[in-house]
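Remarks on the overall topology
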Amino acid sequence: MHSVCVCLILAVFDSAFGVDDGPAAPMIGAPGAMVRLSESDPGVLKAVRFAEDRYNMGSNSMHVRRVSRVISASKQVVKGIRYSMTVEIGNTQCKKTAELSLSDMCDFVPELNKLKTEVCLFEVWDIPWQNKYTLLKQKCQPSVEPQEDRKVVSVPLSVNKLTQESVQLLTQFKDFMEKYNRSYSSQEEAARRLHIFQENMKTVQILQSLEQGSAEYGVTKFSDFTEDEFREVYLNPLLSQWTLQRPLKPAARASNPPPASWDWREHGAVSDVKNQGMCGSCWAFSVTGNIEGQWFLKSGKLLSLSEQELVDCDSLDQACGGGLPSNAYAAIENLGGLETETDYSYTGHKQICEFSTGKVSAYINNSVELPKDENEIAAWLAENGPVSAALNAFAMQFYRKGISHPLKILCNPWMIDHAVLLVGYGERKGVPFWAIKNSWGEDYGEQGYYYLYRGKGLCGINKMCSSAVVN
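The notes below deal with the structure included here. (Residues numbered from 1 in each chain as written. Predicted model: local features only at pLDDT ≥ 70, side-chain atom pairs only at ≥ 80, totals over all residues. Heavy atoms only, no water.)

A word on the nonpolar core
Cut-off, in case you're wondering: Here, nonpolar core means buried Ala, Val, Leu, Ile, Met, Phe, Trp, Tyr and Cys residues that are tied together by side-chain atoms lying within 4.5 Å of each other. In this scheme, a residue with accessible area under 20% of its type's maximum is buried, one over 50% is exposed, and one in between is partly exposed, where area comes from a 1.4 Å probe on protein chains only. Counting from the N terminus, the helices are the DSSP runs of H or I reaching at least four residues and the strands are the DSSP runs of E reaching at least two. In this analysis, two residues are considered to be in contact whenever any of their non-hydrogen atoms come within 4.5 Å of each other.
Counting 65 residues, the largest nonpolar core has Leu422, Trp434 and Tyr450 as the members making the most contacts within it. Of all the secondary-structure elements, those providing two or more residues to this core are helix H3 (164-179), helix H4 (187-210), helix H5 (227-234), helix H9 (374-384), strand S10 (387-391), strand S13 (418-428), strand S14 (431-437) and strand S15 (449-453). Top element by residues in this core is H4. It accounts for six residues. The contacts of Leu422, once residues within four sequence positions are left out, are Ile377, Leu381, Pro386, Val387, Ala389, Trp434, Ala435, Ile436, Ile461 and Cys465. With 18 residues, the next largest nonpolar core counts Val44, Phe50, Val67 and Val124 among its residues.

Describing a positive patch on the surface
Heads up, the rule is: Patches in this entry comprise residues that are over 30% relatively accessible and not in a salt bridge; like charges within 9 Å are linked, as are nonpolar side chains (Val, Leu, Ile, Met, Phe, Trp, Tyr) within 5 Å. With residues, only the protein chains shown are counted as cover, and all accessible areas are computed by Shrake-Rupley using a 1.4 Å probe. By salt bridge we mean one thing: a side-chain nitrogen of Lys or Arg within 4 Å of a carboxyl oxygen of Asp or Glu. Positive charges are assigned to Lys and Arg, negative charges to Asp and Glu, while His and the chain termini are left out of the count. Note on charges: their place is set at NZ of Lys, CZ of Arg, CG of Asp or CD of Glu.
The grouping of Lys137, Lys139, Lys408 and Lys456 at the surface amounts to a positive patch. By the secondary structure assignment, Lys139 is in strand S5 (residues 132-142). Owing to a relative accessible area of 46%, Lys139 belongs among the partly exposed residues under this scheme.

Things to note about the packing of aromatic side chains
One pair of aromatic rings is described through two measures. These are the centre distance and the angle between the planes. To keep it simple, the criterion reads: Between 30 and 60 degrees the pair is tilted, below 30 it is stacked and above 60 it is edge-to-face, where a pair is any two Phe, Tyr or Trp rings, Trp via its six-membered ring, whose centres lie within 6.5 Å.
What the rule picks out here adds up to 24 aromatic pairs. Look at Phe176 and Phe197: their rings are 5.5 Å apart centre to centre, the planes differ by 45°, and that puts the pair in the tilted class. Taken together, the residues Phe176 in helix H3 and Phe197 in helix H4 connect sequence positions 21 residues apart. By relative accessible area, which is 1% here, Phe176 ends up buried. Ring geometry for Phe222 against Phe225: centres 6.5 Å apart, planes inclined by 75°, an arrangement best described as edge-to-face. For Phe222, a relative accessible area of 1% corresponds to the buried category. Using a relative accessible area of 12% as the deciding quantity, one classes Phe225 as buried. Linked through ring pairs, Phe222, Phe225, Phe230, Tyr234, Tyr399, Trp440, Tyr444 and Tyr450 together constitute an aromatic cluster.

So, the pattern of salt bridges
Within the structure shown, the criterion is met by 23 salt bridges. Salt-bridge contacts for Lys202 lead to Glu199; the nearest nitrogen and oxygen are separated by 3.4 Å. One end of the pair is Lys202 and the other is Glu199, both in helix H4 and three residues apart, which spans about a single turn. When its relative accessible area of 32% is taken as the criterion, Glu199 is described as partly exposed. Residue Glu341 is joined to Lys274 by a salt bridge in which the shortest nitrogen-to-oxygen separation is 3.0 Å. Note that Glu341 is positioned in the loop between helix H8 (325-335) and strand S9 (366-369) and Lys274 in the loop between strand S8 (262-263) and helix H6 (282-299), a separation of 67 residues in sequence.

Topic: the state of the cysteines
Test applied: Here, a disulfide means two cysteine sulfur atoms that sit within 2.5 Å of each other.
Enumeration over the complete set of coordinates arrives at five disulfides. Residue pairing for Cys94: its cysteine sulfur links by disulfide to Cys106, the two sulfurs lying 2.1 Å apart. Its S-S torsion of approximately -110° makes the covalent link between Cys94 and Cys106 left-handed. Of this pair, Cys94 sits in strand S3 (residues 81-95) while Cys106 is found in the loop between S3 and strand S4 (118-127), placing the two residues 12 residues apart along the sequence. Disulfide pairing is shown between Cys411 and Cys459; the S-S distance is 2.1 Å. On the S-S bond that ties Cys411 to Cys459, the torsion sits near 120°, and the link is right-handed. With Cys411 in the loop between strand S12 (403-404) and S13 and Cys459 in the loop between S15 and strand S16 (466-469), this pair connects stretches of sequence that are 48 residues apart. Indicated for the protein is the disulfide connectivity 1-2, 3-4, 5-7, 6-8, 9-10, based on numbering the bonded cysteines in sequence order. Here Cys282 is not disulfide-linked; the sulfur of Cys279 is the nearest cysteine sulfur, at 9.1 Å.

Below you can see the structure in the form of structure tokens.
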């Protein structure tokens, strides 16, 4: 693959903004499963218009309000199509006496302090054969007041007349390429990635403006991936398909209340952060991390166990195509245990199973499901070790540091798509958090860790907590 020198970025800059990625193909799921959609999906746009009209009919605002951005969208086929859409809504200059059908002709108010942006969750039921729409849910809350420095980067008209914003963008992209050793196969591909990078920086601005915690979002090693590419390569759609879950026995409740804070890294039960690479094998890392902790508590020895064994030999899951912790526990029991990372090293793609019973270094006897209450999860973790968990990774692609606290309506707790390891919990300046070991390398987040607000079931972090049992 021939690398494209950073100096060529200027040459491709103008064409980059003309590249159209097109609407992303929706992820295929089981019947009745939630499927993520592109914001430009025709069905989403029709449902948004319907919800926008109903919103205006029920609003006591003097002015027509319009959807300024679709933040996320999904659908579910249930006797029709049920759309779930999170959007931003702002004031226009048109008085309410104007026809609502003409709202596309209404410009947003130019004064940022009068825009009064809201973030709304709309659920719309579409019955195509009856040409009928129904608004099932409308939930809105004020966004953070927009500031002057939140203006999005303007698109330059000419390479020869680079604006200050475009120079800043070019510098960011150049620094990104150098830091993460990026090279592209052609000038056209470099142009496309620059365009994606620009769109992602706009998303970062929105994420940051809506953040309720101390998290900082910005340039990460995933900044030249589209949302769909990132989801397809690094995330795990099977986690949200609840009908595929294998039922686990309930865990015995902790015998003591949770201490104020706990961190298994300080007690030797957590191995170094690993990197799943371009493979949707987060489920395997979540489970091996849990078993590493369980084995340490029983034997006093911390082993780094093999995820590749699960990718290759777990016939219940789909290797880099995703998997379920509940299946992985069963596969490990059937195989007879796990080899170490040294004996069965990670490659990041499925190979022929080369598991050897003679090299088993850790085994499990059973697996259990934890309660959904976060205080009980914390108490169990403090007594019994790191916990396999899963969550909606909505805010993770551009996370850099701090305690992430996205708006709850943006991070659907039922749209779980990433498996992780809870290693501890505590507070920073009075703000409660979960310490989450991720599997995207030490150059992600805070030395490979993601910190999420604790106590409100954010992003579904409490929905799928489990552990192996070692007798």
